[in-house]
Amino acid sequence: MTASSRPQDMRSWIAQLEAAGELIRIDKPVDPLTEMGSLLYQSREKALFFENLPHGWRSLGQAPANVRHAALAFGATEETVVPKVANLLGKLIKPVMVDSAPVQELEFAKGEFDLTQLPVHIAGEKDGGPVLGCGLVVTKDPDTGQRNVSFHRLQIKGPNKSGILLYPRHTWKNYEKYQARNEPMPVAIFIGHHPLYYAAAATTAAYGLDEFDIAGGYLGEAVRLVKCKTVDLEVPADAEIVLEGHIPPHYREDEGPFSEFQDYYVTGTGKNPIVEYQYMTRRRDAIFKNLQNGSEMEGCVFHKIPMSAAIFRRLKDVGGGPNLHNVMVLPGIFGLVVQMTSRAYGEGKNLLLAALSSEYQHIKIAIAVDADVDIFNPLELLWAMNTRVDPAKDVVIIPGTHNHAMDASLEELGAPGTGLWQRFGSKMLIDATIPPPGDVKARAAFERIRPRNPQLRLEDFAAADSLDLVRSLSPRFFGSKLIGK
Ligand SMILES: Cc1cc2nc3c(=O)[nH]c(=O)nc-3n(C[C@H](O)[C@H](O)[C@H](O)COP(=O)(O)O)c2cc1C
Ligand SMILES: [Mn+2]
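Residues numbered from 1 in each chain as written. Chains lettered and ligands numbered in written order. Predicted model: local features only at pLDDT ≥ 70, side-chain atom pairs only at ≥ 80, totals over all residues. Heavy atoms only, no water.

Draft legend 1. Expanded view of the sheet that holds strand 12 (residues 224-227). Strand order across the open sheet formed by three strands is 4-12-13, with mixed pairing between neighbours. Each of the sheet's edge strands pairs with one partner strand only, and the pair in question is strand 4 (96-97) and strand 13 (234-236). As judged from the two bridges shared by strand 4 and strand 12, these two strands associate in the parallel manner. Looking across to strand 12, one finds that Met97 is bridged to Leu225. (Pairing = 2+ DSSP bridges. Helix = DSSP H or I, 4+ residues; strand = E, 2+ residues; numbered from the N terminus.)

Quick look at the structure:
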């Protein structure tokens, strides 16, 4: 933030989306429990701003709805956002403390607020109840005081109670330390902020690295933090709502099912910890933030960008600096494509091996392709895999690997709510790269066809009454990247 500018928050983001023609306003009344999830599900292209919710609430969702929106938030394009975020991951900015905060304009003690009055929605037909999907959970390591921020699904269970799904990672590690002392873990959960806070919370980095430092780097400005009222934690001053509470030790309750990121309900369902809330603060005119999961929904976009960027950052030094162009996580989140130009035979496999064992546990299938493949067009990926792969030598399966606990296709060990929860499975790499440029003759066999005069434009030839039809055509089609150059 410069002296004259306001901090970036959810309000600046709503204005930015609207200016870019990316926001649909919903002025009719919408019931979060029975209607909102269906509307979000249908809006894969645009953000939705619900203006007429029960108890006078407004709520933003599907923002980002897709990688294009995420790129807008980072000041990049679909093609440049991942390399840009990979670079920003090396530029941490420490937060600053402030004394007074918009998010503490109003304060509510226990009994004065009721989570069931918030516009928390039910996403899927078979979900176990309304789930707060957009609460970012702040905790501390009780030994070191190091802060952690991460996303956790919070199923609303009463006026002051929610469930919480804790995958065995950093928040879980903090919780285990409190549990060993038989003490509740204090938590602060903030709802509604600029999307780069969410991207930072979804970034898996080293244990002990404060995700607010990452958020500062992403935003290019220090996060403004304020002390909570009832817990020894700090939250972003410019968020919309903050819930203060604690997770009791050793206590579990049934939680789930929930519409999850792979597009399935069941993973994670079981005996999970709960959060008890004793305090709420918020802006006077607070705007709620909803978030729906499911493949290619907002929740997925928040996985895709940080995960792709962290893996890009890891791959860029493999073998002393490959010719790496881009990385993108595929729908479902357990697959990933690496776009590169090999310097030598076999280099594709070297990068894929690194992609399969990064900070993230999700990636099970990694595919490498060349620069001429549009990695944002699934048709081109399928084409590359069936015209550039010799299965006997380009596909490698590694059995007996530790996989993401929410990959329903693999054997589940342990259970949710325990530190032993995992899937035990395998991983696969598919090297669909073509011979390196140095081998001119071998590479020539893979030169893609282009039409004669590829610079010609359909609109310059179409009849006047067909022009609207031409303009309605998607700019992305098979081979579109090879045209007009
Ligand atoms: C939309 C969304 C929802 C998520 N839900 C959960 C969840 O319910 N439980 C969980 O443990 N992790 C969840 N995650 C993943 C973690 O928040 C994410 O991997 C984060 O980087 C973990 O932080 P940590 O590395 O500090 O542990 C979710 C991520 C996203 C993007
Ligand atoms: Mn962390």
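Draft legend 2. Structural detail: helix 7 (residues 211-219). The element helix 7 is largely enclosed, with a buried count of nine among its nine residues. All buried positions along helix 7 are accounted for by Glu211, Phe212, Asp213, Ile214, Ala215, Gly216, Gly217, Tyr218 and Leu219. If you check the start of helix 7, you find a side-chain oxygen 2.9 Å away from the backbone N of Phe212, and it comes from Asp210. (Buried < 20%, exposed > 50% of the residue type's maximum accessible area, 1.4 Å probe, protein only. Polar contact = N/O pair within 3.5 Å; in protein donor to acceptor, adjacent residues only side chain to side chain.)

Draft legend 3. The arrangement of the site of ligand 1 in detail. Lining the immediate environment of ligand 1, one finds 20 residues, of which Asn148, Arg153, Leu165, Tyr167 and Thr204 sit closest. Between Asn148 and ligand 1, the recorded distance is 2.9 Å, taken from a side-chain N or O atom to an oxygen atom. In the complex, the protein chains occlude 96% of the 640 Å² of accessible area that ligand 1 would expose alone. Of all the secondary-structure elements, those providing two or more residues to the shell around ligand 1 are strand 8 (147-151) and helix 8 (298-315). A breakdown of the residues in the shell around ligand 1 according to their chemical character gives eight nonpolar, nine polar and three charged. (Near = heavy atom within 4 Å. Areas by Shrake-Rupley, 256 points an atom, 1.4 Å probe, with all protein chains shown as cover. Nonpolar A, V, L, I, M, F, W, Y, C, P; charged D, E, K, R; others polar.)

Draft legend 4. Highlighting the environment of Pro102. Mapped onto the fold, Pro102 is located in the loop between strand 4 and strand 5 (106-109). What makes Pro102 partly exposed here is its relative accessible area of 22%. Pro102 sits 304 residues away from Met406 along the chain, and the two C-alpha atoms are 37 Å apart.

Draft legend 5. Seen up close, the pattern of salt bridges. Scanning all chains against the criterion turns up 42 salt bridges. A salt bridge links Glu253 to Lys157, with the shortest nitrogen-to-oxygen separation between them at 3.0 Å. Of this pair, Glu253 sits in strand 15 (residues 253-255) while Lys157 sits in strand 9 (residues 154-158), placing them 96 residues apart in sequence. In this structure, Lys271 and Asp254 form a salt bridge, with 3.2 Å as the shortest nitrogen-oxygen distance. Of this pair, Lys271 sits in strand 16 (residues 270-272) while Asp254 sits in strand 15, placing them 17 residues apart in sequence. On the basis of relative accessibility, which here comes to 48%, the residue Lys271 falls in the partly exposed class. Several salt bridges share partner residues, and in doing so they unite Arg6, Asp9, Arg11, Glu240, Arg283 and Asp285 into one network. (Salt bridge = Lys/Arg side-chain N within 4 Å of Asp/Glu carboxyl O.)

Draft legend 6. Representation of the coordination of the manganese ion (ligand 2). Protein-derived coordination of the manganese ion (ligand 2) comes from Asn148 (OD1), His170 (ND1) and Glu211 (OE), at a distance range of 2.1 to 2.2 Å. Each donor residue of the manganese ion (ligand 2) belongs to the same chain, with the gaps between them written as N-x21-H-x40-E. One end of the pair, His170, is in helix 5 (residues 170-180); the other, Glu211, is in helix 7, with 41 residues separating them in the sequence. Across the pair, exposure class does not vary: His170 and Glu211 are buried alike. (Donors = N, O, S within 2.8 Å, 3.2 Å for Na, K, Ca; no water.)

Draft legend 7. Spatial organisation of the pairing of strand 9. In terms of residue burial, strand 9 counts as a mostly covered element, since four of its five residues are buried. Here two bridges tie strand 6 (residues 131-132) to strand 9, and the two strands are oriented antiparallel to one another. Counterpart to Leu132 in the pairing with strand 9 is Leu154. Examined bridge by bridge, strand 9 and strand 10 (residues 161-163) share two bridges and lie antiparallel to one another.

Draft legend 8. The arrangement of the packing of helix 4 (residues 81-88) against helix 8 in detail. Where helix 4 meets helix 8, the axes come as close as 8 Å, and the angle between the chain directions of the two elements is 70°. When the axes of helix 4 and helix 8 are compared, the pair comes out roughly perpendicular. The chirality of how helix 4 crosses helix 8 is right-handed. Residues Val81, Val82, Pro83, Val85, Ala86 and Asn87 of helix 4 form the contact with helix 8, whose own contacting residues are Ile305, Ser308, Ala309, Phe312 and Arg313. Along the lines of polarity and charge, the residues of the contact of helix 4 with helix 8 split into eight nonpolar, two polar and one charged. (Axes fitted to C-alpha atoms, helices over the stretch in contact; angles between N-to-C directions. Parallel < 35°, antiparallel > 145°, perpendicular 65-115°, else oblique. Left-handed = near helix turned anticlockwise from the far one by under 90°. Contact = heavy atoms within 4.5 Å.)

Draft legend 9. Region of the structure containing the domain arrangement of the protein. Domain boundaries in the protein define domain 1 (10-289) and domain 2 (316-444). Centre-to-centre, using C-alpha coordinates, domain 1 lies 30 Å away from domain 2. Taken together, the contact between domain 1 and domain 2 spans 25 residues of the former and 24 residues of the latter. Of the roughly 1,900 Å² buried at the junction of domain 1 and domain 2 (both faces included), carbon and sulfur atoms supply 64%. It is Tyr167, Thr204 and Phe261 that lose the most area in domain 1 upon contact with domain 2, and together they represent 31% of the buried surface on that side. Scanning the region where domain 1 abuts domain 2 turns up zero salt bridges. Those elements giving two or more residues to the side of domain 1 that touches domain 2 turn out to be helix 4 and strand 16. Each residue belonging to the side of domain 1 that touches domain 2 can be placed in one class, and the counts come to 11 nonpolar, seven polar and seven charged. (Domains from an automatic or database assignment. Buried area = accessible area lost by both parts, 1.4 Å probe.)

Draft legend 10. Here's a closer look at a nonpolar patch on the surface. On the surface, Leu379, Leu382 and Phe478 cluster together into a nonpolar patch covering about 310 Å² of accessible area. Turning to its location among the elements, Phe478 is positioned in the segment after helix 13 (467-471). (Patch = residues over 30% accessible without salt bridge, like charges linked within 9 Å, V, L, I, M, F, W, Y side chains within 5 Å.)

Draft legend 11. Representation of the environment of Lys46 in the model. Structurally, Lys46 can be placed in the loop between helix 2 (36-42) and strand 2 (47-50). On the basis of relative accessible area, Lys46 is assigned to the partly exposed category, the value being 26%. Sequence separation of Lys46 and Glu298 is 252 residues, and the distance between their C-alpha atoms is 11 Å. Setting aside anything within four residues of it in sequence, one finds Lys46 in contact with Gly21, Glu22, Ile24, Gln62, Ala65, Arg68 and His69. Looking at Lys46, its side chain comes within polar contact range of the main-chain oxygen of Gly21, at 3.0 Å.

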